[in-house]
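These are the residues of each chain, in order.
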Amino acid sequence: MRTRRLVLLLSVSIPLAACVQTRQFADVEFQPPQGDYDLIVMRPDVQVGSVTTGGLVEPRAEWTEQARGHIITALREQQAGRGGRTTILESRSGVAGMTEQQVADLERLFMAVGSSIILHRYMNLYLPTKRRQGLDWTLGEDAIAFGRATGMDYALFLHAQDARASTGRTVMQVLGIAGCLIGFCAPQGGGGQAAYASLVDLRTGDVVWFNLLQTGSQLPGVDFGDIRTEAGAEQMLERLLGRMRPGRAVRQRERDQQRQGQGQ
């Protein structure tokens, strides 16, 4: 399952030598949570691996746990300044009123829905039943039941993959770029990040916000942050969650109000 997710996310990687890109989608009426609300952050789904000389990614368990710890710490610090009451899960057993199996089932349901969102909104494999603007996905009654049992208003799901280029892969990058000088250009991809965050309204079960982050480089030695470090985890979360944009209809009303104010 993890390998399939890795292939899925890397298949929409950035076709540039070195770049960082995020792209948000939201329900047309989405307004970022503010004021008095309760948010539960599901246990971050994290995978860190090493890119071999041949370009395959080998998962590294020690790196993964190290990165997850830094991400959870960074999440606590980031969400503490947002005004709401936030609970961050470190395991499936940490949800009062819900069994581990129920939490796992909700995670798997979101994984399927999240994959569909990526295919539709980011890979242009449009579904005829989905509108072209905003989001139109839901976790349904399972999410509503989860919200009732926990007393939470929103659930935040987070997935992060970080592939670190090995020494052999870096050598291949150097050789690929050197070949360009003699007319045989064969650039090789190195490491990079692929991550997404999504907000689910537990009162309706709807996915109301989604953001995908991609970083990558074909240039040896170029790094966009290492989530195995505290600073790298903070940087990734700021890129993903630093500013949630309101939905299209909300932004349009804000523009209309600004025009009316300027016309008075």
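For the structure itself, look to the data block above.
Here goes a summary of the coordinates provided. (Residues numbered from 1 in each chain as written. Predicted model: local features only at pLDDT ≥ 70, side-chain atom pairs only at ≥ 80, totals over all residues. Heavy atoms only, no water.)

This structure, assessed with the given rule, holds ten salt bridges. Two residues, E29 and R253, come together in a salt bridge whose shortest N-O distance is 2.8 Å. On the criterion of sequence distance, the pair formed by E29 in the loop between β1 (18-26) and β2 (38-41) and R253 in helix α7 (residues 248-263) is long-range, its members being 224 residues apart. Residue R253 is classed as partly exposed on the basis of its relative accessible area, which comes to 40%. D201 is the partner of R203 in a salt bridge, and the nearest nitrogen-oxygen pair spans 3.0 Å. Among the residues examined, D201 registers a relative accessible area of 11% and is labelled buried. (Salt bridge = Lys/Arg side-chain N within 4 Å of Asp/Glu carboxyl O. Helix = DSSP H or I, 4+ residues; strand = E, 2+ residues; numbered from the N terminus. Buried < 20%, exposed > 50% of the residue type's maximum accessible area, 1.4 Å probe, protein only.)

Moving on to the nonpolar core. Counting residues in each nonpolar core, the largest one holds 31 residues, and the members touching the most others are I71, L199, M236 and L241. Secondary structure elements with two or more residues in this core: β2, β3 (45-51), α2 (61-80), β7 (154-165), β8 (192-201), β9 (206-217) and α6 (230-241). L241 has contacts with L75, Q78, Q79, R82, L156, A197 and W209, leaving out every residue within four places of it along the chain. Formed by 27 residues, the second largest nonpolar core is a distinct cluster that contains I40, I117, M152 and L212. (Core = buried A, V, L, I, M, F, W, Y, C linked by side-chain atoms within 4.5 Å. Contact = heavy atoms within 4.5 Å.)

Right, let's talk about the packing of helix α3 (residues 100-122) against helix α4 (residues 140-150) for a bit. It is at 10 Å that the axes of α3 and α4 come closest, and there the two elements cross at 135 degrees. The angle between α3 and α4 falls in the class oblique. In the packing of α3 onto α4, the handedness of the crossing is left-handed. Touching V103, L106 and L109 of α3 are D142, A143 and F146, all from α4. Among the residues forming the contact of α3 with α4, the class breakdown is five nonpolar, no polar and one charged. (Axes fitted to C-alpha atoms, helices over the stretch in contact; angles between N-to-C directions. Parallel < 35°, antiparallel > 145°, perpendicular 65-115°, else oblique. Left-handed = near helix turned anticlockwise from the far one by under 90°. Nonpolar A, V, L, I, M, F, W, Y, C, P; charged D, E, K, R; others polar.)

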